[in-house]
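Spelled out, the chains give:
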Amino acid sequence: MLICPSMLSANPTKLGEELVALEKAGADAIHWDIMDGVFVDAITFGSHVIAGHRPLTRLQFDVHLMMENPDKHLVSFYRAGADIIIVHTEACAHLHQTLSQIKSLGIKSGLALNPATSIHAIEYCIDVMDMVLVMGVNPGSSGQNFIESQLQKISNLRKILPPTIEVCVDGGIIPRTAFQCCQHGANSLVSGTYIFRNPDYAAAIQELKGN
Ligand code: DX5
Ligand code: ZN
């Protein structure tokens, strides 16, 4: 099980130190929650923040765009150092085109499904994506409880997706829900609150990995 800490819950006065600590603690990738204040109420990091922190770690940067019409921002987050750009099905007028544009940049593409969104939304995009991000919470904030109905979505996705496509679960991840998501076929998990509330990041990551 791969663990991707969400920087939304990191100490905003020392993001660089947090990145270095997470890499030492065994994080498998870094999850950047980008919020535009329109698709979700909060506003978080711009591409310049990603660019500024890119040289500090070799870990994969997963950039989760919680924004309306992400097409106009794809190149700036690619140039900032994103290794995978994840867009929401609910925010894209031309989803297959948006995912194709991400792939044309030479990086990976991801597709996020809000809790209410059916897996049917991805059926005709399988050829242009590398990851499905199953939202375990409604997007826009950290510290929420996991929505249990998403477990069946994980299983149903795993049944229709080829093994090359990663199923990642984002939000509400604590040891109990991490175990449940793993049992249902998830490959990776995004966690913010549980990791950053623990003074020992390595121990928190290991607990989520199930060791
Ligand atoms: C929510 C974000 C999640 C969230 C995870 O909109 O996409 O990545 O920050 O945080 P926790 O682990 O606190 O649910
Ligand atoms: Zn996220």
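Just above sits the structure.
Residues numbered from 1 in each chain as written. Chains lettered and ligands numbered in written order. Predicted model: local features only at pLDDT ≥ 70, side-chain atom pairs only at ≥ 80, totals over all residues. Heavy atoms only, no water.

Draft legend 1. Molecular detail of the overall build of the protein chain. Looking only at helices and strands, one finds eight helices and eight strands in the protein chain. Taking 2.2 N^0.38 as the reference for a compact globule, 211 residues should give roughly 17 Å; the C-alpha atoms of the protein chain span a radius of gyration of 16 Å, in line with that estimate. Dimensions of the protein chain along its principal axes, counting C-alpha atoms only, are 45 × 35 × 30 Å. Counting only residues that meet the buried cut, the protein chain has 53% of its 211 residues in that class. Long-range pairs, those at least 24 residues apart, make up 62% of the contacts in the protein chain with a sequence separation of at least 6. For the protein chain, the exposed surface amounts to about 9200 Å²; the carbon and sulfur share of it is 53%. (Helix = DSSP H or I, 4+ residues; strand = E, 2+ residues; numbered from the N terminus. Rg over C-alpha atoms; globule rule 2.2 N^0.38 Å. Buried < 20%, exposed > 50% of the residue type's maximum accessible area, 1.4 Å probe, protein only. Contact = heavy atoms within 4.5 Å. Areas by Shrake-Rupley, 256 points an atom, 1.4 Å probe, with all protein chains shown as cover.)

Draft legend 2. Main features of the site of ligand 1. In the vicinity of ligand 1 lie 20 residues, with Asp33, Gly140, Asp170, Gly192 and Thr193 positioned nearest. Side-chain polar atom of Asp33 to an oxygen atom of ligand 1: 2.8 Å apart, as the coordinates give it. In the environment of ligand 1, an oxygen atom lies 2.9 Å from a nitrogen or oxygen atom belonging to the backbone of Gly172. Here ligand 1, which alone exposes 380 Å², has 99% of that area covered by the protein. Looking at the shell around ligand 1, the elements with two or more residues in it are strand S2 (29–35), strand S3 (60–66) and strand S8 (188–191). Tallying contributions element by element places S2 first for the shell around ligand 1, with three residues. Here the residues of the shell around ligand 1 sort into six nonpolar, twelve polar and two charged. (Near = heavy atom within 4 Å. Polar contact = N/O pair within 3.5 Å; in protein donor to acceptor, adjacent residues only side chain to side chain. Nonpolar A, V, L, I, M, F, W, Y, C, P; charged D, E, K, R; others polar.)

Draft legend 3. Just the coordination of the zinc ion (ligand 2), in detail. Listed as protein donors to the zinc ion (ligand 2) are His31 (NE2), Asp33 (OD), His64 (ND1) and Asp170 (OD); their distances from the metal cover 2.0 to 2.3 Å. Between the six donor atoms coordinating the zinc ion (ligand 2), the angles at the centre fall across 70 to 175°, so the site counts as octahedral. Here the donor residues for the zinc ion (ligand 2) map to a single chain with the spacing H-x1-D-x30-H-x105-D. Highlighted residues: Asp33 in strand S2 and Asp170 in strand S7 (residues 166–170), separated in sequence by 137 residues. Looking at Asp33, the relative accessible area reads 5%, which means it is buried. Of the residues examined, Asp170 reaches a relative accessible area of 6% and is grouped as buried. (Donors = N, O, S within 2.8 Å, 3.2 Å for Na, K, Ca; no water. Tetrahedral: all angles 85-135°; square planar, octahedral: opposite > 155°, others 65-115°.)

Draft legend 4. Layout of helix H8 (residues 201–209). Listing the buried residues of H8 in full gives Tyr201, Ala204, Ile205 and Leu208. Take H8 and look down its axis: the buried residues cluster within an arc of 95°, on one side only. Buried positions along H8 lie against strand S1 (2–5), helix H1 (15–24), helix H6 (175–183), S8 and helix H7 (193–196). Of the residues that open H8, the one with a side-chain oxygen 3.1 Å from the backbone nitrogen of Ala202 is Asp200. Phi turns positive one or two residues past the end of H8, at Gly210, with a value near 95°. (Arc of directions from axis to C-beta.)

Draft legend 5. Inspection of the nonpolar core at higher detail. With 58 residues, the main nonpolar core has Met7 and Trp32 as its most contacted residues. For this core, the element with the highest residue contribution is H8, accounting for four residues. Within the second largest apolar cluster, eleven residues are counted, among which are Ala29, Ile84, Met135 and Cys168. (Core = buried A, V, L, I, M, F, W, Y, C linked by side-chain atoms within 4.5 Å.)

Draft legend 6. Highlighting helix H4 (residues 95–104). Buried residues of H4: Leu95, Thr98, Leu99 and Ile102, and no others. Summarising the axial view, the buried residues of H4 lie within an arc of 95°, below the 170-degree limit, and thus occupy one face. Against the buried residues of H4 lie helix H3 (74–80), strand S4 (84–88) and strand S5 (108–113).

Draft legend 7. Molecular detail of the sheet that holds S2. Taken together, eight strands build an open sheet; the order of strands is S1-S8-S7-S6-S5-S4-S3-S2 and the sheet is parallel. Of all strands in the sheet, those with a lone pairing partner are S1 and S2, marking the two edges. In this sheet, adjacent strand axes meet at a mean angle of 25° when their direction is disregarded. Note: S3 against S4, four bridges, orientation parallel. Considered in S4, the bridge of Leu65 is made with Val87. Packing against the sheet, H1 makes contact with S1, S2 and S3, and its axis sits at approximately 145° to S2. (Pairing = 2+ DSSP bridges. Axes fitted to C-alpha atoms, helices over the stretch in contact; angles between N-to-C directions.)

Structural measurements only, silent on function.
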